[in-house]
Amino acid sequence: MLKVYLSGEIHTDWREQITQGAMGLDVTFDGPVTDHAASDDCGVAILGAEVDKVWHDRKGAQMNAIRTRKGIEDADVVVVRFGDQYKQWNAAFDAGYAAALGKSLIILHGPDHAHALKEVDAAALAVATEPAQVVQILRYVLTGSLPD
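Report on the accompanying structure. Here the structure is a predicted model, which is why all the values come from computation and not from measurement.

About the thresholds
- Residues numbered from 1 in each chain as written.
- Predicted model: local features only at pLDDT ≥ 70, side-chain atom pairs only at ≥ 80, totals over all residues.
- Heavy atoms only, no water.
- Helix = DSSP H or I, 4+ residues; strand = E, 2+ residues; numbered from the N terminus.
- Rg over C-alpha atoms; globule rule 2.2 N^0.38 Å.
- Buried < 20%, exposed > 50% of the residue type's maximum accessible area, 1.4 Å probe, protein only.
- Contact = heavy atoms within 4.5 Å.
- Areas by Shrake-Rupley, 256 points an atom, 1.4 Å probe, with all protein chains shown as cover.
- Lys, Arg positive; Asp, Glu negative; His and termini not counted.
- Charge placed at Lys NZ, Arg CZ, Asp CG, Glu CD.
- 1 Å grid on protein atoms, 1.4 Å probe; cavity = no way out; pocket = protein on both sides within 12 Å on 5 of 7 lines; lining within 4 Å.
- Points joined across faces, edges and corners; volume = space filled by probe spheres on them.
- Nonpolar A, V, L, I, M, F, W, Y, C, P; charged D, E, K, R; others polar.

### As for the overall build of the protein chain
In terms of regular secondary structure, the protein chain is built from 6 helices and 5 strands. Secondary structure elements in the protein chain, listed N-terminal to C-terminal, are β-α-β-α-α-β-α-β-α-β-α. Taken over the C-alpha trace, the protein chain has a radius of gyration of 16 Å; the compact-globule value for 148 residues is 15 Å, and the two agree within 12%. Along the first, second and third principal axes, the C-alpha set of the protein chain runs to 55 × 35 × 25 Å. Burial status across the protein chain gives 36% buried among its 148 residues. Across the protein chain, the fraction of contacts at a sequence separation of at least 24, relative to all contacts at a separation of at least 6, is 60%. Split by element, the accessible area of the protein chain, about 8,700 Å² in all, is 56% carbon and sulfur. Across the protein chain, 13 positive and 21 negative side-chain charges occur, with their mean positions spaced 5 Å apart.

This is how it looks when you write it as structure tokens:
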């Protein structure tokens, strides 16, 4: 069984495209909490309110880091998606963490980010532009079969 951690952009359905496309493969998926409000507010919901937004955000970031670190450390493959709308510093951090751990890293982004992410891409074993390509990579890794 292959354990895959899906990191990065949370505003599109790329995760669903990959998980649906990988149906029938011996693979399990994990990832961050993708409910934006829950992710932002988890720290204060569990540990108590903060007056200052900086500390509110820091509590959430630290709580999410526990989940993210565990997911990346347990993964065989880490897929990091960089979307078009927002600067995803957390995605770049996750990619760097996965690379530092020696994880098999797949980066997923559109051609508009090729220059900005050249160093991140250089650390990856594959750079895909579409979720379907990630599915094809996973299928090849698990079965050795090429796309039709």
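Here the narrative resumes, following the displayed structure.
### Regarding the layout of surface pockets
Space inside the largest pocket adds up to approximately 820 Å³. Lining the largest pocket are 28 residues, and of these Ser-39, Asp-40, Ala-61, Asn-64 and Asn-90 sit closest to its centre. It is helix α3 (residues 53-74) that provides the largest number of residues to the lining of the largest pocket, a total of 9 residues. Grouping the amino acids of the lining of the largest pocket by side-chain chemistry returns 11 nonpolar, 10 polar and 7 charged. The computed volume of the second largest pocket comes to approximately 190 Å³. Taken together, Phe-82, Gly-83, Asp-84, Gln-85, Tyr-86, Lys-87, Gln-88, Trp-89, Ala-92, His-113, Ala-116 and Leu-117 make up the lining of the second largest pocket. Considering only residue class, the lining of the second largest pocket consists of 6 nonpolar, 4 polar and 2 charged.

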